[in-house]
Amino acid sequence: PHQTSPGADPKQLERTGTVWDIGSQAFWSLSSCKPEFGVDQLQDDNLESYWQSDGSQPYLVNIQFRRKTTVKTCIYADYKSDESYTPSKISAKVGNNFHNLQEIRQRRVDHLRSGVRDQPAQTW
């Protein structure tokens, strides 16, 4: 596996063959969403579109692969644009099914700065 630096541009890494977008190989679901603010908006490359939950917490994005898969995730969050909807904590969990998920990483994301618009503020 290739080592990439935090803050590396994921699109550039994909162009050079260092990483691949495997999101299409997974089944994606959300705990809730408002109309026109769902999985499609979460996955597109447009930084102006986004997922917006519609329900009580916790807000969940479930990404399920058919087999064990190594994943490096890039999450774009822009606190400056909309602090009321930007999460303060993101947790990554893994398991064989929804009922045996184990948390493997947690990161606080308070007051993220968006930085360069075509790059994520933080990567995992």
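Small disclaimer: the values here were computed from a predicted structure and weren't measured.

As a further point, take the confidence of the model for the protein. Summarising the model, the protein shows a mean pLDDT of 77, and 77% of its residues fall at 70 or more. Strand β1 (residues 26-30) holds the highest mean pLDDT among the elements of the protein, 92, whereas strand β6 (residues 122-123) holds the lowest, 42. Taken together, the stretch residues 113-124 has pLDDT below 50 and engages in 40 contacts with residues farther than four places along the chain or on a different chain.

Nonpolar side chains collect at one region of the surface, where Leu 42, Val 61 and Ile 63 lie side by side and expose about 200 Å² of accessible area between them. With respect to the helices, strands and loops of the structure, Leu 42 is situated in helix α2 (residues 39-43). Of the residues examined, Leu 42 reaches a relative accessible area of 31% and is grouped as partly exposed.

Let's shift gears to the side chain of Gln 52. Along the chain, the position of Gln 52 falls in the loop between α2 and β2 (61-65). The exposure class assigned to Gln 52 is buried, which follows from its relative accessible area of 9%. The contacts of Gln 52, once residues within four sequence positions are left out, are Ser 32, Cys 33, Lys 34, Phe 37 and Tyr 85.

Turning to the side chain of Gln 41, a few remarks are in order. Mapping Gln 41 onto the fold places it in helix α2. Taking relative accessible area as the criterion, Gln 41 reaches 18% and is therefore assigned buried. At a separation of 2.7 Å, a polar atom in the side chain of Gln 41 contacts the main-chain amide nitrogen of Gly 38. Excluding anything up to four places from it in sequence, Gln 41 contacts Glu 36, Ser 49 and Tyr 50.

The rules behind these values
- Residues numbered from 1 in each chain as written.
- Predicted model: local features only at pLDDT ≥ 70, side-chain atom pairs only at ≥ 80, totals over all residues.
- Heavy atoms only, no water.
- pLDDT = per-residue confidence, 0-100.
- Helix = DSSP H or I, 4+ residues; strand = E, 2+ residues; numbered from the N terminus.
- Contact = heavy atoms within 4.5 Å.
- Patch = residues over 30% accessible without salt bridge, like charges linked within 9 Å, V, L, I, M, F, W, Y side chains within 5 Å.
- Areas by Shrake-Rupley, 256 points an atom, 1.4 Å probe, with all protein chains shown as cover.
- Salt bridge = Lys/Arg side-chain N within 4 Å of Asp/Glu carboxyl O.
- Buried < 20%, exposed > 50% of the residue type's maximum accessible area, 1.4 Å probe, protein only.
- Polar contact = N/O pair within 3.5 Å; in protein donor to acceptor, adjacent residues only side chain to side chain.

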